[in-house]
Structures are given as C-alpha cells and as structure tokens.
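Observations on the model geometry
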Amino acid sequence: MKILSRALVLFLLLFSMACDKNGDVSFFSIEQDKELGAQVAAQIASDTSFNILSASEYPEAYAYLESMKNAILNSGKVSYKDEFVWKLHIIEDDVLNAFATPGGYIYVYTGLIKYLETADDLAGVMGHEIAHSDQRHSSKQLQKTYGVQILLSIALGEDASQLAQVAGQIAGTGAILAFSRSAETEADDFSVQYLSNTDYACNGAASFFQKLLDEGQGGSTPAFLSTHPSPDNRVADINAKADKLACDTGNITESGFTYQDFKNSLPE
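Residues numbered from 1 in each chain as written. Predicted model: local features only at pLDDT ≥ 70, side-chain atom pairs only at ≥ 80, totals over all residues. Heavy atoms only, no water.

**Observations concerning helix 9 (residues 204–214)**
- Within helix 9 the residues assigned to the buried category are G204, A205, A206, F208, F209, K211 and L212.
- Packing partners of the buried residues in helix 9 comprise helix 4 (110–115), helix 5 (119–134), helix 8 (181–195) and helix 10 (231–245).
- Two residues or fewer after helix 9 comes G216, characterised by a positive phi angle close to 75°. (Buried < 20%, exposed > 50% of the residue type's maximum accessible area, 1.4 Å probe, protein only. Helix = DSSP H or I, 4+ residues; strand = E, 2+ residues; numbered from the N terminus. Contact = heavy atoms within 4.5 Å.)

Shown next, in the form of structure tokens:
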C-alpha cells in the first residue's frame, strides 16, 4: 500500500506540474509554497538575530511599504496575487539586503532602505523580490538542492520535521537560496513589467545597480541580488526591457509622507 501511495502521490505531483499559472513545472504545490513560507516566517520570528520592527511601533513606515507592495500586486501582472500571503516585515540591520520566501513573505532591511535614494529604487527591488516568490523560483531551487525524494516525503507527511528543517536552513542564511542566472534575469524582467502598470519608474531596479557601479561596488553586489549576471549588464537589460515596453521611467511624484520621511521614520 505504501508503494501504491507513493506512486499515487508522484502521479498527482506530476499532474500538478502542468497546472502552474506561470506555465512552469514544479513538484511543490501552491499550498506547499505557502506552508514552507509560513515555516520560514516562524523560524525568523523566533530567531533573535533578526530584529524585526513592530508594525504597531512603526505604523507610518509599514503603511508606506504596504502601499508600495499593494501597487505592485495590483498591477495585474502578479500571477499568485490572491493565493500568496504577501506579508511584509522590516528588519533593523545595516546590511543591504531583502528577500522573499515561497508563499510571499517579504523581508526588507533598514540598511537597504536607507541606502536607496528614491521610492522608485525600492519599488524596483521589491518588484524583483515579489517576482522570486510569484515565479516560484525558491520552490524550483529547492527541487534542485534537496531532490524529489525529500519533496515526496514532505507531500506524504512521512517526516513532519523535514519541512521545518528545510525552512530553518533557509531562514538561517538571512536570504533565500542562491538563484540561477536565468532566475535573476527573469526577476529583473518581471520587476519592469510589474512597475509598468504603476506610478513608479518601471526601471527602478536599474538605479540600484547603477548606484553600486558608481560607487565602485559592482563586484560586491549584495547576495539578494546576485552578481550574475553582472550589475552593468543588468542595468542595460532592465533599461532595454523598459524601452521595449515603452513604459514610464520618470520618478513617482510623492505628496504627504515621502520616501525621505519613510527613511527618517526608521531607527537611526
């Protein structure tokens, strides 16, 4: 019966591979994406090395970031807008970092927020991270890293600790798995597509890389935006995508609570 059960689950997994909204294949179901993301979020919440700012203590900062996130999600380009949780957290740390888990848990570091100069810059990075979740890059990378056997064990519920172990390993790095060149390029591409239907500059992600290049940091790009392809190529590719879509590359006009106010509202 156990062999039959494995065969049945494998068949169902293979069948579900054809049902990805993005037209891609993945042994992880959408529910497993969400479950893994929840596990990672729980690991991070319990890890004292992650100083997560409280939304009740920093309501203006979270409201600002939520508005940016919602503008991207409402662009009409996010496949799993309604299925994933898309929950935001701000981590107090000077490092230039951001990451998103399967299922749409998004983490942005204060170091990155303060380093960037405009709302468009951050929107470009957020679009990139949303794309990693929405295009299910993390799940696909897990398949390559851990193999189908572990995914089958998770699906069958044979080892209740396995999913928690995988989640703990991801959370412990402070970033999601290293993505392939094609996944990074795809996330850049979708960032432009998402922002093309918002008031943010659709090539916002390019300005981040350009700033790194201008400051001579092209060879030390933060892990969350891998150095492959190289920053200078990514600037060119992002701008080329914006040209192809003929989308607006002008910065958003803010009134009221601005990006500078957002930065000032965070801890020193």
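Still more to cover.
**Quick word on empty space enclosed by the protein**
- All told, the structure shown has two cavities of 30 Å³ or more when counted by the stated rule.
- Volume-wise, the second largest cavity comes out at about 30 Å³.
- Lining the second largest cavity we find A98, I106, V108, L122, V125, M126 and E129.
- The set of elements that each furnish at least two residues to the lining of the second largest cavity consists of strand 3 (105–109) and helix 5.
- When grouped by side-chain class, the residues that make up the lining of the second largest cavity number six nonpolar, no polar and one charged. (1 Å grid on protein atoms, 1.4 Å probe; cavity = no way out; pocket = protein on both sides within 12 Å on 5 of 7 lines; lining within 4 Å. Points joined across faces, edges and corners; volume = space filled by probe spheres on them. Nonpolar A, V, L, I, M, F, W, Y, C, P; charged D, E, K, R; others polar.)

**A few points about helix 2 (residues 30–46)**
- Relative to the 24 Å expected for 17 residues at 1.5 Å per residue, helix 2 spans 25 Å between its end C-alpha atoms, a close match to the ideal helical length.
- For helix 2, the full list of buried residues reads Q32, D33, L36, G37, V40, A41 and I44. (Expected span 1.5 Å × (residues − 1).)

**A look at the sheet that holds strand 1 (residues 87–91)**
- If you trace the three strands from one edge of the open sheet to the other, you get 1-3-2, paired in mixed fashion. Two strands close off the open sheet at either side, each with one partner strand: strand 1 and strand 2 (98–100). For this sheet, the mean inter-axis angle between neighbouring strands, taken without regard to orientation, is 15°.
- Both strand 1 and strand 3 contribute to a ladder of five bridges, which runs parallel. Bridged to K87 within strand 3 is Y105.
- Helix 2 contacts strand 2 and strand 3 of the sheet and is inclined by roughly 35° relative to strand 3. (Pairing = 2+ DSSP bridges. Axes fitted to C-alpha atoms, helices over the stretch in contact; angles between N-to-C directions.)

**Some details on the nonpolar core**
- Counting 49 residues, the largest nonpolar core has L112, L122 and I130 as the members making the most contacts within it.
- Ignoring anything within four residues of it in the chain, the contact list for L122 reads L65, M68, V108, L112, I113, L116, Y259 and F262.
- Counting twelve residues, the second-largest nonpolar core is a separate cluster that includes A41, F50, Y109 and L142. (Core = buried A, V, L, I, M, F, W, Y, C linked by side-chain atoms within 4.5 Å.)

**Some words on the pattern of salt bridges**
- Taken as a whole, this structure holds eight salt bridges when the rule is applied.
- Between K34 and E31 there is a salt bridge, with its nearest N and O atoms 3.4 Å apart. Of the two residues, K34 and E31 are both situated in helix 2; the distance of three residues between them amounts to about one turn of the helix.
- The shortest N-O distance in the salt bridge between E117 and K211 comes to 3.5 Å. With E117 in the loop between helix 4 and helix 5 and K211 in helix 9, this residue pair connects regions lying 94 residues apart in the sequence.
- Residue classification places E117 among the exposed residues on the basis of a relative accessible area of 53%. (Salt bridge = Lys/Arg side-chain N within 4 Å of Asp/Glu carboxyl O.)

**Brief notes about the side chain of D121**
- As for its placement among the helices and strands, D121 is situated in helix 5.
- Buried and without a salt bridge, D121 has K211 as its closest oppositely charged side chain, separated by 6.7 Å.
- In terms of polar contacts, D121 uses its side chain to reach the side chain of S207, at 2.3 Å.
- Each residue touching D121, except ones within four places of it in the same chain, is listed here: L116, G204 and S207. (Lys, Arg positive; Asp, Glu negative; His and termini not counted. Polar contact = N/O pair within 3.5 Å; in protein donor to acceptor, adjacent residues only side chain to side chain.)

**Focus on the packing of aromatic side chains**
- Applying the stated criterion across every chain, the model contains eleven aromatic pairs.
- Relative to F208, the ring of Y115 lies with its centre 6.1 Å away and its plane at 75°, an arrangement referred to as edge-to-face. Of this pair, Y115 sits in helix 4 while F208 sits in helix 9; the two residues are 93 residues apart in sequence, bridging distant segments of the chain. Here Y115 and F208 have matching classes, each one buried.
- Here F190 and Y194 contribute two aromatic rings whose centre-to-centre distance is 5.9 Å and whose plane-to-plane angle is 45°, an arrangement assigned as tilted. A residue pair is termed a helical-turn pair when its members lie 3 or 4 positions apart in one helix, as F190 and Y194 do in helix 8 at four residues. (Phe/Tyr/Trp six-rings, centres within 6.5 Å; stacked < 30°, edge-to-face > 60°.)

**What about the state of the cysteines?**
- The final tally for this structure, using the stated rule, is one disulfide.
- With a sulfur-sulfur separation of 2.1 Å, C202 is cross-linked through a disulfide to C247. Its S-S torsion of about 80° marks the bond between C202 and C247 as right-handed, since a negative value means left-handed. Of this pair, C202 sits in the loop between helix 8 and helix 9 while C247 sits in the loop between helix 10 and helix 11 (259–264), placing them 45 residues apart in sequence. We note that C202, like C247, is buried. (Disulfide = S-S within 2.5 Å.)

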